[in-house]
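# Structure at a glance
Letter by letter, the chains look like this.
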Amino acid sequence: MKKSIAALASGVVLLAGCADNPLTNPVDSPTVGQVSGALTRASLQTLVTGVVAQDRATYGSSTNYIILSEVMARDLYRIDASEMRYVTETLGGNPDPGSFAGGGTAWNSSYTEQRAISTILKGLPGAASTELSTPERAATSGYLKTVKAVSLYRQIELRDTAGVVIQGDNPDAVDPIVCKTKALAYVAALLDSANTDL
């Protein structure tokens, strides 16, 4: 009798837990409707703020760029009893390609930032002249191209001769890895284009 009551009680609890929970977007989270269509001043501000936040998230954390690049260059040794990968993977052999040191976070976050920039640059010419003036479009374009070039240059710093990917406009395409020389030429051309816009 106790087993059947316990089974019935657990069944009721499980069924109560399966109730649909309505989700609401956070107040400061943009929706697809807010950022689709022609760019407005408000949507552009939201998107550029997202790019800046992604840039800070990618290069502001201790493991992604600052400490990891210093450990790889042998300028800094992070000896952490709770995280031995700083020693075992960066100083004692080849890093695991799926770990924090071998690829992962700095690679993915940087390309998320670059994809967002490419998407904004693609939509920038479609903004109405009542929303953004020609000098404002040029300034936005120059700023975003500069951030994209710096982001790609940081990838070159981390990967050196292993190569980097220069993303095209098609988000569904898998772009090839290019050598350091071609990547640096692309960064230089992007900075020249940004300078022209600014």
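These lines cover the structure that appears in this document, whether it is placed above or below. (Residues numbered from 1 in each chain as written. Predicted model: local features only at pLDDT ≥ 70, side-chain atom pairs only at ≥ 80, totals over all residues. Heavy atoms only, no water.)

Scanning the chain from N- to C-terminus turns up 8 helices and 2 strands. Listed by position from the N terminus, the elements making up the chain come as α-α-α-α-α-α-α-β-β-α. The 198 residues of the chain split such that 28% are buried. In the chain, the share of contacts with a sequence separation of at least 24, taken over all contacts with a separation of at least 6, comes to 58%. Summed over all atoms, the accessible surface of the chain reaches about 12,300 Å², with 60% contributed by carbon and sulfur. (Helix = DSSP H or I, 4+ residues; strand = E, 2+ residues; numbered from the N terminus. Buried < 20%, exposed > 50% of the residue type's maximum accessible area, 1.4 Å probe, protein only. Contact = heavy atoms within 4.5 Å. Areas by Shrake-Rupley, 256 points an atom, 1.4 Å probe, with all protein chains shown as cover.)

According to the stated counting rule, one finds 3 salt bridges in the structure shown. Across the pair R41 and E136 runs a salt bridge, and its minimum N-O distance is 3.1 Å. Of this pair, R41 sits in helix α3 (residues 41-60) while E136 sits in helix α7 (residues 134-159), placing them 95 residues apart in sequence. E136 gets classed as partly exposed once you look at its relative accessible area, which sits at 29%. Put simply, K145 and D197 hold a salt bridge, and the shortest N to O gap is 3.0 Å. You can see K145 sitting in helix α7 and its partner D197 sitting in helix α8 (residues 180-197), a full 52 residues away along the chain. (Salt bridge = Lys/Arg side-chain N within 4 Å of Asp/Glu carboxyl O.)

Glancing now at the environment of A38. As for its placement among the helices and strands, A38 is situated in the loop between α2 (32-35) and α3. Taking C-alpha positions, A38 is 7.3 Å from A128, a pair spaced 90 residues apart along the chain.

Take the packing of α7 against α8 next. The geometry of α7 relative to α8 is characterised by a closest axis approach of 8 Å and an angle of 160° between their N-to-C directions. Looking at the two axes, α7 sits roughly antiparallel to α8. Along this stretch, α7 crosses α8, giving a crossing that reads as left-handed. Of the residues in α8, those in contact with A138, A139, S141, G142, K145, T146, K148, A149, L152, Y153 and I156 of α7 are K180, A183, L184, Y186, V187, L190, L191, S193, A194 and D197. Of the residues in the contact of α7 with α8, the class split is 13 nonpolar, 4 polar and 4 charged. (Axes fitted to C-alpha atoms, helices over the stretch in contact; angles between N-to-C directions. Parallel < 35°, antiparallel > 145°, perpendicular 65-115°, else oblique. Left-handed = near helix turned anticlockwise from the far one by under 90°. Nonpolar A, V, L, I, M, F, W, Y, C, P; charged D, E, K, R; others polar.)

Attention shifts here to the nonpolar core. Counting residues in hydrophobic clusters, the biggest one holds 12 residues: L39, L44, V48, V51, I117, I120, L121, L124, A127, L132, L144 and V147. For this core, the secondary-structure elements that each account for two or more residues are α3, α6 (104-123) and α7. Y111, L152, I156 and V178 belong to the second largest nonpolar core, which has 10 residues in total. (Core = buried A, V, L, I, M, F, W, Y, C linked by side-chain atoms within 4.5 Å.)

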